[in-house]
Each structure stands twice: as C-alpha cells, then as structure tokens.
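Each chain, letter by letter, is given below.
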Amino acid sequence: MKSRKSSDIIENSPMNDSILKKQAAVDPWEPVWAEQKKFDLSSGKYVKIWQGPQHPGVTGNMALELTLEGDVVVESRTHVGYLHRGFEKLMERRKYIQCFPIVCRICVPEPDFNEYLLATAIEELAGIEIPEKAAWIRALVLEMMRVASLTMGLGGQAGAFGLIPIGQWGVAHRDYVLDLFEELTGGRVYHMYIIPGGVRQDFPDKDFPSRVEAVMQKLEKLISDIEKVMFNNSVFKARAKGLGYIPPEWIEPYGITGTTARAAGVPIDVRKDSPYLIYDQLEFEKILGTASDVYERTLLRKEEILNSIRLIRQILKKMPKEGPVRAKLPNVLHWKIPAGETYVRAESGRGEMGYYMVSDGSEYPRRVHVRGASYTHAMALLERLAVGVSIADVAGLMVSLQTCPPEIER
Amino acid sequence: MSLKDTLSPFYAWKRALEKPFTIKKPVEEREGAPRYRGFHVNDIEKCIGCGTCEEICQNEAIDMVPVDFIHVEKGDSGLRPQIDYGRCCWCALCVDVCPTGSLGMSNDYIWATPNAEEWVFKPGVDDNPWKDDDKGYRRTDEAWLLDPKLTPMPVMEPDVRKHTFDEMAYGYEVVMAVEEASRCLECGICIDACPTHMDIPAYIKAIRENRLEDGLKLLYDTNPFSESCGRVCTAHCQDVCALGHNGEPIAIRWLKRYITDNTADRRNEILGIGQPLPQKEEHVAVIGGGPAGLTAAFYLRNYGYKVTVFEKHDKLGGMLRYGIPEYRLPKATLDREIQTILDTGVEVKYNIEVGKDVSFKEIREKYDAVFISVGAQIGTQMPIEGSDTPGVLSGVEFLDRIAEGERPDLGERVIVVGGGNTAMDVCRSSVRLGAKDVYVYYRRTEAEMPANVEEIEEAKEEGVKFEFLTAPTKISKEGDKLKIECIRMQLGEPDATGRRRPMPIEGSEFTILADTCIMAIGQKVDSSLAEGTEVKVTRWGTFEVDPDTLQTNVPGVFAGGDCELGPDDAIHAIADGKKAAYFIDKYLVKRHDLKAEPK
Amino acid sequence: MGEELKQLHFDTIDQVLDFAISKEEEARDFYLEWAEKVNNSAIAEVLKEFAGEEQKHKDLILDVKKGGDFRPVAGQVFDLKLGDYFVQIGPDEQMSYQEALQIAIQREIGAQELYKFLQTQSENPRMKELFEKLAREEAKHKLRLEQMFDEDVLTEN
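A brief structural summary. (Residues numbered from 1 in each chain as written. Chains lettered and ligands numbered in written order. Predicted model: local features only at pLDDT ≥ 70, side-chain atom pairs only at ≥ 80, totals over all residues. Heavy atoms only, no water.)

**Here's the deal with the overall build of chain C**
Rules: Only runs of H or I of at least four residues qualify as helices and only runs of E of at least two qualify as strands under DSSP, and these elements are numbered from the N terminus. Classification of residues uses two cut-offs on accessible area relative to the type maximum, computed with a 1.4 Å probe and protein chains only: under 20% is buried, over 50% is exposed, and between them is partly exposed. Contacts were defined at the residue level, with two residues in contact if any of their heavy atoms lie within 4.5 Å. Each accessible area is a Shrake-Rupley result for a 1.4 Å probe, and residues are judged covered by the shown protein chains and nothing else.
Along the backbone of chain C there are five helices and zero strands. Mapped in sequence order, the helices and strands of chain C form the string α-α-α-α-α. Counting only residues that meet the buried cut, chain C has 47% of its 157 residues in that class. Contacts in chain C between residues at least 24 apart in sequence constitute 75% of all its contacts with a sequence separation of at least 6. Carbon and sulfur atoms make up 48% of the accessible area of chain C, which totals about 8,100 Å².

Encoded structure:
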C-alpha cells in the first residue's frame with residue numbers, strides 16, 4: 001500500500017493549510033523542543049494554561065501544559081507522573097505468582113492484556129505449555145476486552161467533541177461486556193483470570209457462549225446507531241476531519257502502533273505479523289485507512305469493534321468444547337524460574353503492548369519492563385501534533401491518539 | 001454539509017422511547033454473579049490455621065491471629081486469618097491455595113460503615129451479613145494451586161518380597177525427593193504433632209535446595225535415630241499435614257530417609273562427632289539400650305557428661321532391633337546409626353541385666369544420676385486355657401528370635417492373635433518363613449486396629465488373611481497340631497463409656513487346626529528392677545514419673561520410653577530420651593551448685 | 001461349693017438379703033487382706049479400690065433391706081464373656097494388675113452363678129425375682145471389671 005503524502009488531504013479541512021504544510025516540512029527525527037521558541041508570557045500575547053491533571057478533557061491523570069496564542073495552541077508539554085505506582089519495582093519484590101494479581105492494574109480499560117503478557121513471559125522462561133482450550137479462552141477474553149475498551153473509547157471520542165449521549169451509550173454497553181466478565185472470571189474490571197499455565201477456570205456453564213452472542217448483537221445494534229448519529233454528523237465531521245494529521249513518515253520514528261498507525265496507511269498488526277495464541281487459525285484482515293486524521297482513526301476503531309465481534313463469533317464456533325484449562329504449575333509458593341530474558345507482545349486496543357522480563361533463577365523476577373502501547377503517543381507525538389490546534393479540539397485530538405496514562409507511567 | 005449529515009443526529013431521539021439500560025435499585029435487584037469475588041468467608045471448623053493464605057497474599061493483607069475460642073490442638077495452630085480490606089486486592093489467590101478449602105469469598109460486594117477499623121476483620125469469626133453465604137467464589141479442583149498427589153515410593157513387589165527379609169522400600173531418587181519436597185507449604189503444623197518437635201519444614205527445604213548437610217544437622221538436633229525413624233516411624237506429622245485434608249500428606253518419613261541415606265558415609269564429619277567437647281565430671285547410668293536410652297546417652301554426651309549404658313542383650317537397639325524385622329529396618333542400617341551414637345564416646349556394658357546381675361541400689365550409689373529405659377518387652381499372656389501349650393508363642397519373643405538371626409520353621413498354618421504393629425510384624429515375618437496360610441485374628445473390627453494402615457495394606461498384599469471379630473477361647477494339642485477353639489464376636493451397642501465392645505455370638509464357636517499360634521495382644525513392662533527400692537511403680541507396671549521432668553519419686557532417678565509411657569512407638573521413646581537428658585543436666589547442674597556452696 | 005449350697009435354705013426375703021450382704025463383706029475382706037499382702041503398693045491401691053466397690057454393693061443391699069429397691073436397669077446388661085474363658089488362678093503376693101482383674105472377674109462370675117442357681121432352686125416368686133435382680137447386679141459388676149480388662153490389658157486385641 002503506497003504511503004500517503006501530507007499534500008493529499010480530504011476536502012473541507014478547517015485547519016490552516018500553512019500550518020499543515022509547515023508540519024509536513026519538519027523533519028520528524030528532530031525533537032520538537034529543538035525548535036522551541038521562547039514565548040514571552042508577560043507580553044500579553046500568550047497565555048499558559050494547564051489542562052489537567054484532573055480534567056474531563058484528559059484521558060486519565062495527565063497534565064497538558066498549553067501555551068496559547070488566542071485560541072490556538074502554540075506549544076504543548078505533556079506531564080505525567082500522577083499515576084506512577086511503581087509496578088516494575090513492585091514486581092521485583094514479589095514472587096512470580098504474587099505478580100499476577102497486580103499487573104492488571106497497570107491499565108484500566110484493558111487489564112487482561114497485562115495479565116496475558118505476564119503469563120506468557122513467565123511461560124516462555126519456565127518452559128510451560130498451555131493447553132489448547134486455554135489458548136482459545138485467552139483469545140476470547142482478549143477480544144472481548146478489546147471490544148469493551150474500544151466501545152468506551154468511541155464514547156470517549158464522541159464526548160470529547162460534545163456528543164455526550166454517545167459517551168453514555170458507550171459506557172453502558174461496556175457494562176454489558178463487564179457483566180459477561182463478571183460471570184466468567186469473578187471480577188468486572190480487574191479480572192485476574194489469565195494465570196501462568198492457562199486460565200483459572202472454565203466457562204461458568206454451557207449457556208455462556210449464547211449470552212456472549214446476545215451481548216455481541218446488542219453491540220452491533222449500538223454500532224449501527226452510532227454510525228447514524230456520529231459518523232454522519234456534520235458537527236463531528238467538521239471538527240474531526242483533517243484534525244491531528246499524522247504523516248506516514250512519522251510512524252516509525254515515533255514508535256506509533258495500532259489503529260493510529262493503520263489509519264496512516266502503515267499496515268502493522270501484531271495479530272497478523274507475529275501471530276500469538278490461536279490467531280493464525282482465525283480469518284480476518286488488517287483494517288487500514290488512509291486519511292490519518294481524527295475522523296479516520298475513529299472510523300477505524302469502529303471497524304475494529306465489528307471485526308472483533310466477528311472474531312469472537314469465530315472463536316466461539318471453533319473452540320474445543322472439552323479439555324483442561326490449566327497446566328500444572330510447580331508449587332507456586334517457592335517457584336524458581338530458570339534464568340533468561342524474553343520480550344513478548346500483543347495487539348491491544350491501542351497498539352502494540354510488550355513485556356520485557358529478565359529472570360535470574362530465583363523466586364523473584366529480576367526486571368520487568370512494561371511497554372504501554374500509548375507510551376509515545378501521549379508524550380512525543382502529542383506535543384508535536386497539538387501545535388496549531390484550537391484549544392477546544394485538544395481533547396478530541398488526545399482521545400484519538402488513545403493515550404492511557406496508567407499504561408504510560410505504570 | 002449535506003442535509004443528511006445535519007438531520008441524522010436526531011435519530012438519537014428514538015432512545016427516548018426505549019427502556020433505560022440502568023437498574024433502579026442495583027443493590028436489591030442485582031446480585032453478584034455466582035463466581036463473583038466478594039467478601040471473604042471462612043469455615044473456622046475446617047480451617048486449620050496453617051497460614052498459607054498469609055504467605056501467598058501479595059500485599060500482606062492477611063495476618064494469622066489467635067482467636068479466643070479456638071484452642072491449639074494437634075493439627076490446628078489455633079490461629080485464624082484476619083484480613084485487612086485496605087490492602088486486599090480480591091485476587092482470590094488465598095482461596096485457591098487453601099489446603100482445606102475452608103476460605104472462600106461470597107458474592108456480596110457492599111459494605112458501608114462509618115468506622116473504618118471494621119474493615120480489618122476475621123472472616124468466619126466476626127459477624128457479617130454474608131457470613132453464611134454459600135454463593136460466590138470457592139476453590140474448585142481445576143483452580144487449586146496445590147498438588148494433592150503423593151510421589152509414590154518404589155517398593156518390592158508383594159510376590160517377590162514374600163520370600164525374603166530384604167528391605168522392602170527402595171528409597172527415593174533425587175528427582176522424586178525434590179518433587180515431593182516441593183509440595184510442602186511450610187506451615188509448621190507438623191512440628192507440634194511430632195513428639196520430639198523436629199523442624200520438619202526446615203529439613204524439607206534443605207532437600208529442595210539440595211543442602212543435605214544442613215538437613216542432617218537439623219535432624220540430629222532433635223532425633224539421633226533419624227535413619228530408623230525414616231523407615232519405621234508412625235509419623236504423627238503425616239497425620240496432621242495440611243495437605244492431608246484434601247489430598248495425600250507429604251511423605252515426610254521417606255524424605256527423612258532420603259537425607260540420612262545420602263549422607264551416611266559422611267555423617268560423623270558433618271555432625272562434628274569426634275571433635276573434643278568440654279567434659280564434665282558427672283557420670284550418668286542409662287539402664288536399657290533402646291531408643292530412649294541411647295537418645296538420652298547421645299544428648300548427655302553432647303552436654304559433656306560421662307555415660308554408661310547397661311544392656312541385657314549382647315547388642316544395642318532395644319525394640320528397634322528385637323521388635324522390628326529386617327524387611328522394615330535392616331540391621332546394618334541400625335548398626336550404622338547406633339555406631340554414630342557410640343562414636344560420641346558412650347560406654348556400653350553388654351549382657352548385664354540390672355536387677356539380676358547387678359542391683360539397682362548399686363547403680364544408684366555408684367552413679368550421679370540414673371535413667372531407666374528398659375522398655376516394655378514382655379508380651380501379655382492371654383489367660384485362656386492352653387495358652388502355655390508348646391507351639392503357642394509370644395509375639396515379642398518370636399520377633400526377638402528372628403532378630404537374633406533364627407529362622408524357625410512355623411509349619412504351614414499360623415494363627416496370629418492381635419491387631420497392633422507387633423501382630424503385623426509377626427504375621428509378615430511368618431509369611432517370609434514359609435508359612436502358606438497365615439491368619440490374623442482380631443477381636444474387634446478393622447477400623448479399630450491400632451496398627452499402621454500401611455502395614456495392614458502391605459500384609460494383605462503379601463497374602464495374610466484377616467478375620468475380624470474373632471477370638472480364641474481354648475487351645476489344646478491334637479496330634480502334632482494345635483487345636484484352637486474360637487468364637488465370633490459382634491459389636492454391641494455403645495456402653496456407658498461410649499465404646500462399642502465386642503461380645504461373643506452364641507453358637508458361633510468353630511475350631512481350627514494350626515501348626516503355630518502366636519499371641520501379640522499387648523506388651524508389659526518388666527519393672528522387677530524396682531523391687532525393694534523406693535522407686536514407685538504404677539498398677540500397670542510402668543514407672544511413675546513427674547510428666548514435666550521425667551523424674552521418679554527418687555531424686556536423680558529418671559525414667560522414660562515404653563517403661564514410663566506404656567507400650568508406644570519409637571518416636572515417643574526418643575522424645576522422652578531427649579527430654580530426660582535435658583532434665584538430668586538441670587538436676588546435675590543444681591547439685592553441682594549445691595556442692596559448691598561454701599559451708 | 002456344692003455341699004454348702006444344699007444347705008442353703010431361705011424362708012424370708014430378709015434372709016436372702018442378709019446372705020447377699022455377707023457375700024459382699026466376704027469379698028471386701030478378701031481384697032483388703034490381699035492388699036496388705038502384696039509387695040507392690042500400686043497393686044495394693046487397686047485391691048483397695050475393689051474393696052471399696054464391694055462395700056458400695058453392700059451398702060446398696062442394706063438400702064434395699066430398709067425398703068429401697070435396686071436401680072432399674074434399662075435393657076440388657078452386656079456380657080463381654082471375657083472371664084468365661086479365663087483359666088482359674090489364685091491370688092499371689094506378686095500378682096500383677098492383669099491377675100488382680102482376672103481374680104476379681106472370677107469372683108463376680110462365681111457370685112453370679114450362685115444367684116442364678118439359687119433362683120432356679122427357689123419356689124417363692126418374690127424370692128426368684130430377688131435372686132434375678134441380685135444376679136443382674138453381679139453381672140453389672142462383672143461388666144465393669146471386664147471393661148477395665150478390655151481397655152487396659154487387651155490393648156492390641
């Protein structure tokens with residue numbers, strides 16, 4: 001797929017053409033603060049405000065320090081640190097099985113990816129093979145997680161532009177999926193279900209797949225409503241199209257992954273590129289876009305939800321009905337993993353999420369590093385993209401990058 | 001801007017006519033899912049206070065605390081979990097690791113209180129609305145994090161071992177021992193159950209971490225007969241093992257054997273035996289060289305006293321040698337272990353019976369302290385007619401002869417009367433001596449047999465036939481066979497003591513002809529050495545002692561083991577020996593002090 | 001015993017009761033006598049306990065004489081029939097706990113058989129009933145002693 005150039009932009013862009021051209025001319029490998037201008041704040045021309053850390057226009061606890069000239073942002077700095085809980089260090093002081101309950105708290109919308117990655121890293125280092133049914137259930141849980149997170153994300157995106165009812169619909173339908181999780185795993189938001197060796201328990205009863213199907217149908221209905229109300233909405237189109245354009249040449253230097261990258265036309269998807277679990281047995285395509293603006297990214301996310309629903313249906317159909325769901329672990333109270341290091345990754349709703357784990361042969365992990373998928377989006381990329389954007393649109397821009405502060409700061 | 005785009009948002013108004021997503025009163029209308037991880041519940045009867053939940057909790061939210069109305073007893077530490085909900089993350093690992101399945105979670109999820117201190121609570125003890133909920137998250141078999149299966153010990157096949165007195169159990173290999181040792185939860189409940197309080201979790205950990213030298217030192221801290229106990233101990237520890245509640249207990253006995261077998265050639269070196277110790281002047285006499293006596297001798301030597309053991313046989317070991325046959329405890333193994341004790345510098349006088357060859361009075365005068373450990377080596381006689389007919393043997397004497405190396409011919413059919421470990425040893429030895437038809441007659445039912453369950457199983461595998469609720473009433477000679485008249489019993493209703501006693505059934509008499517009949521119905525102490533002395537003897541023939549210090553009514557004279565407790569197992573004798581050594585030391589130190597007082 | 005028995009003849013209930021009382025006294029004195037003779041002080045204790053029991057039985061019969069009645073026994077008194085198969089032994093200065101129990105059981109069996117025999121001999125229905133009750137009392141004593149034997153001596157059978 002040939003990459004798009006910044007000159008090919010969709011019509012009706014409210015953005016200032018010159019700013020876009022200036023953006024396009026900048027060398028992406030140059031850090032944004034290298035070309036920093038000094039803004040004289042006492043001149044009366046510039047205003048510095050803080051959007052965040054407690055702000056409805058910020059996804060989580062993150063502070064954007066904006067310098068405004070009138071209504072337009074001329075400089076943006078991202079400050080994180082309000083959500084640093086020290087997971088990586090905590091894990092160094094906990095036995096491997098004790099790490100398992102805490103990693104899900106690294107990310108609120110999609111905790112299962114953390115559990116999955118920790119479990120996979122441990123399994124690779126310890127040489128444990130999980131049973132087949134466990135792999136299918138894990139994939140099902142991850143896809144359901146993605147659906148829940150993206151539904152809420154769609155709602156959040158709409159809310160950032162003032163389309164509040166869609167925000168409410170999104171959160172309400174996420175709750176239906178959380179109900180399913182409650183039945184399956186015993187927890188709504190933090191599941192603590194994917195354990196090294198497999199999953200903790202099998203389906204609660206044999207009607208569970210039919211309940212999943214019922215919720216999926218509800219979601220499909222919701223998506224069709226959202227299509228009518230949001231994507232054909234003149235206000236949304238006017239504000240979102242052309243906003244936050246990311247040139248495809250920026251994808252690699254900034255480490256952008258996930259829907260954000262695919263919206264720019266760069267086809268990267270961990271599920272297809274290096275299939276994990278049972279994704280090589282499922283039929284699906286990468287969902288690509290071209291325009292690489294907020295509208296396109298939102299559109300792609302909606303497509304992802306529909307894609308995930310199709311994947312869930314495939315999984316439920318192809319899954320083995322019987323079988324163990326857990327491999328036997330050695331006594332977890334004093335479990336030593338052989339020394340080694342590994343990097344495992346997965347495609348979360350926001351992008352590629354990775355865990356790098358080093359073990360030294362003792363009962364405690366030596367080092368665990370968590371690569372949050374939106375790590376680069378909120379810091380380097382947003383600072384670049386926010387320049388020249390009207391302050392009213394900053395929230396919408398940020399949500400479209402799917403920044404998730406808990407994941408960034410762990 | 002197309003018209004469609006302007007009008008399409010109004011589509012959202014259709015929601016005004018639809019049912020809302022939300023529930024009006026979620027607290028009442030919506031219960032947590034059946035698997036929901038809510039607030040903790042605990043069945044405090046099932047809970048044994050092992051503390052595994054405390055160990056696995058990642059945020060140290062659980063503390064084990066004593067509870068007023070729960071008492072410490074064998075198998076229960078008396079503690080119960082207290083959970084701090086300021087720290088709990090509701091992961092339910094504590095539920096999944098519980099060995100008894102007592103800890104669980106209800107599906108209740110709302111707790112509002114003005115007093116935050118309430119959120120540190122003891123489930124099952126403190127009163128809460130969800131205390132008796134049976135819905136919620138419980139430990140299931142597929143989620144259980146522990147391994148209920150034992151690593152089996154490789155043993156000789158029954159058909160092979162029936163014909164030989166060679167040792168039956170082969171011993172664990174390295175991999176098997178480490179695997180079995182990995183099952184341990186380190187809860188420590190076994191330590192209290194062991195009569196001599198061996199530090200079991202510590203030596204199991206030593207096996208796991210391949211530090212066998214440390215393991216051996218831990219064993220000898222409390223038990224110098226670890227090699228023998230590793231083969232024949234009754235294992236009270238295994239009876240209370242936390243894993244034994246919902247699975248098979250850890251094979252602690254075999255793990256002990258693994259340590260001693262694999263360090264046997266370097267034992268003295270590891271334990272530091274042979275190195276010079278500070279010596280004291282006092283000289284202690286030990287009467288009886290069995291497990292109690294030799295253990296006392298070992299620890300007294302460690303204190304620095306001179307020790308002399310008086311043994312009536314020509315070899316040491318007591319019931320370990322003369323009461324337990326080769327296939328359970330080979331003599332070579334026992335000899336090597338006794339040699340380790342003798343290497344500490346214990347003096348032994350063989351073939352001297354105190355009370356006959358030398359009087360107790362002489363010993364009492366010559367030595368500074370005396371420890372009596374003569375054991376209970378006389379078999380109880382069944383007072384029925386014909387019990388002195390030739391061909392009727394006493395179980396204890398029979399085992400004594402086997403231990404000396406005799407292999408008497410018992411004929412084809414042997415009847416063994418009794419149901420304890422002695423009877424099992426006797427019947428299995430009879431099989432090995434070539435008897436084809438070996439019966440065990442026991443007056444009560446199998447459930448009441450005092451013998452080890454494993455012994456009974458192995459005897460059955462070797463072809464011994466068991467007849468329960470049967471007892472002989474008269475024995476006589478018929479030709480060259482014994483004619484044994486027996487009667488069948490049935491258990492009556494519970495009497496005033498609550499026990500159901502066996503009563504003869506009218507008309508159920510039968511007669512059986514046998515070549516040999518061996519009585520193993522009980523054991524007695526030979527306390528004749530105390531005759532004419534002030535040492536008090538109870539009505540059962542055992543020596544009367546102060547249970548805290550093991551001293552008899554005569555100062556400086558102590559007694560322990562079978563001769564003080566009544567016939568019991570080896571580990572109790574060893575515990576008594578160690579305790580006596582401690583109190584003998586205290587007694588001698590005090591006396592020393594008294595002597596040193598200026599006049 | 002045969003000769004004595006033939007000479008036993010009771011006319012009144014009181015005579016029967018006096019006879020029973022004398023039997024209990026005889027037993028008590030037997031135990032007290034041997035309590036002095038045995039070497040072992042612990043066994044002396046045991047014999048004194050037995051003597052105490054016999055005294056209690058005597059007091060009970062005295063009470064009956066005054067107008068009371070034997071305590072009703074619910075159902076059958078169990079009979080473990082241990083002593084029935086024992087070899088007869090005599091008392092000895094060196095006797096052990098087991099032998100003391102055996103002797104006591106022997107004596108109870110003897111007493112029980114005596115009353116049963118007298119029951120068959122008598123024609124007076126009230127006397128028959130009385131002998132039956134006395135036999136039942138002896139059976140209770142025998143049971144108590146046999147339970148002790150079962151618990152303390154037959155530990156592995």
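Having put the structure on the table, let's press on.
**Regarding the environment of Ile207(B)**
Residue and element names in this part refer to chain B. For Ile 207, the position within the fold is in helix H8 (residues 200–208). With relative accessibility at 2%, the residue Ile 207 sits in the buried group. Put simply, Ile 207 and Cys 194 are 13 residues apart on the chain and 19 Å apart in space, counted from C-alpha to C-alpha. If we skip the residues at most four places from it in the chain, Ile 207 touches Ala 177, Val 178, Ala 181, Leu 212, Leu 255, Tyr 258 and Ile 259.

**With respect to the pattern of salt bridges**
Just so we agree on the cut-off: Salt bridges are defined as contacts in which a side-chain nitrogen from Lys or Arg sits within 4 Å of a carboxyl oxygen from Asp or Glu.
According to the stated counting rule, one finds 86 salt bridges over all chains in the structure shown. In this structure, Glu65(A) engages Lys48(A) in a salt bridge whose closest nitrogen and oxygen atoms are separated by 2.6 Å. Of this pair, Glu65(A) sits in strand E2 (residues 63–69) while Lys48(A) sits in strand E1 (residues 46–51), and the two are 17 residues apart along the sequence. For Arg257(B), the salt bridge is made with Glu167(B), and the minimal N-O distance between the two is 3.3 Å. Linking Arg257(B) in helix H12 (residues 252–262) with Glu167(B) in the loop between helix H5 (158–161) and helix H6 (174–182), this pair joins segments that are 90 residues apart in sequence. Judged by its relative accessible area of 4%, Arg257(B) falls in the buried class. Taken together, the shared-partner salt bridges in this structure form one network comprising Arg161(B), Arg328(B), Asp425(B), Arg428(B), Arg432(B), Glu455(B), Glu458(B), Glu461(B) and Glu462(B).

**Section: the interface of chain B and chain C**
Put simply, the rule is: By buried area we mean the combined loss of accessible area, with a 1.4 Å probe, across both parts when two parts are placed together. As used in this structure description, the phrase polar contact means that two N or O atoms lie within 3.5 Å; if the pair is within protein, one of them must be able to donate a hydrogen and the other to accept it, and residues adjacent in sequence are counted only when both atoms belong to side chains. Lys, Arg, Asp and Glu make up the charged group, whereas Ala, Val, Leu, Ile, Met, Phe, Trp, Tyr, Cys and Pro make up the nonpolar group; the residues left over, Gly among them, are polar.
On the side of chain C, 26 residues touch chain B, which itself brings 38 residues to the contact. For the pair chain B and chain C, the summed buried surface comes to about 2,800 Å²; carbon and sulfur atoms form 51% of the total. In this assembly, chain B and chain C are joined by six salt bridges. Residue Arg539(B) pairs with Glu49(C) through a salt bridge whose shortest N-O separation is 2.7 Å. If you look at where chain B meets chain C, you find 10 residue pairs in polar contact (both at pLDDT 80 or more). Elements represented by at least two residues in the side of chain B that touches chain C include exactly helix H19 (421–432), strand E14 (437–442), strand E17 (481–494), strand E18 (500–504) and strand E21 (523–524) of chain B. Of the residues forming the side of chain B that touches chain C, the biggest block, four residues, is contributed by E18(B). Of the residues contributing to the side of chain B that touches chain C, the split by class is 16 nonpolar, 11 polar and 11 charged.

**Some thoughts on the sheet that holds strand E3 (residues 79–84) of chain B**
All names here are of chain B. The condition is simple: Pairing between two strands requires that DSSP report at least two bridges joining them.
Overall, antiparallel pairing links the three strands, which are arranged E2-E3-E5 in an open sheet. This sheet does not close on itself; its edge strands, each paired only once, are strand E2 (62–66) and strand E5 (120–121). Sheet topology places E2 next to E3; five bridges connect them, and they run antiparallel. In the sheet register, Ile 62 faces E3, and the bridge partner there is Ile 83.

**A short note on the nonpolar core**
Threshold: Residues enter a nonpolar core if they are buried and are Ala, Val, Leu, Ile, Met, Phe, Trp, Tyr or Cys, with the set joined through side-chain atoms within 4.5 Å.
Residues Ile372(B) and Phe543(B) are the most contacted members of the largest nonpolar core, which totals 226 residues. The leading source of residues in this core is helix H5 (residues 132–160) of chain A, at 14 residues. With near-sequence residues (within four places) excluded, Ile372(B) lies in contact with Ile287(B), Phe360(B), Leu529(B), Phe543(B), Val557(B), Phe558(B), Ala559(B), Gly560(B) and Cys563(B).

**What about helix H3 (residues 41–66) of chain C?**
Put simply, the rule reads: Here the expected span of a helix is defined as 1.5 Å times the quantity of residues minus one.
Between the first and last C-alpha of H3(C) there are 37 Å, a value that for 26 residues agrees with the 38 Å anticipated at 1.5 Å per step. Of the residues flanking the end of H3(C), it is Gly67(C), one or two places downstream, whose phi is positive at about 130 degrees.

**Some points on the packing of aromatic side chains**
Applicable threshold: Ring geometry is summarised as follows: Phe, Tyr and Trp rings, the Trp one being its six-membered ring, pair when their centres sit within 6.5 Å, and such pairs are stacked at plane angles under 30 degrees, edge-to-face over 60 and tilted between the two. For a lysine, the NZ atom is tested; for an arginine, the CZ atom; a charge sits over a ring if that atom is within 6 Å of the ring centre and within 35 degrees of the ring normal.
For the coordinates displayed, the defined rule picks out 36 aromatic pairs over all chains. Summarising the aromatic geometry, the rings of Phe231(A) and Tyr295(A) are spaced 5.9 Å apart at their centres and angled 80 degrees between planes, so their arrangement reads as edge-to-face. Of the two residues, Phe231(A) sits in helix H7 (residues 208–231) while Tyr295(A) sits in helix H12 (residues 294–318), which places them 64 residues apart along the sequence. An identical accessibility class is assigned to Phe231(A) and Tyr295(A); each is buried. Linked through ring pairs, Phe39(B), Tyr85(B), Trp90(B), Trp111(B), Trp119(B), Phe121(B) and Trp130(B) together constitute an aromatic cluster. Against the face of Tyr295(A) rests Lys241(A), its NZ or CZ located 4.6 Å from the ring centre. When the ring centre of Phe466(B) is taken as reference, the NZ or CZ atom of Lys460(B) above it lies at 5.8 Å.

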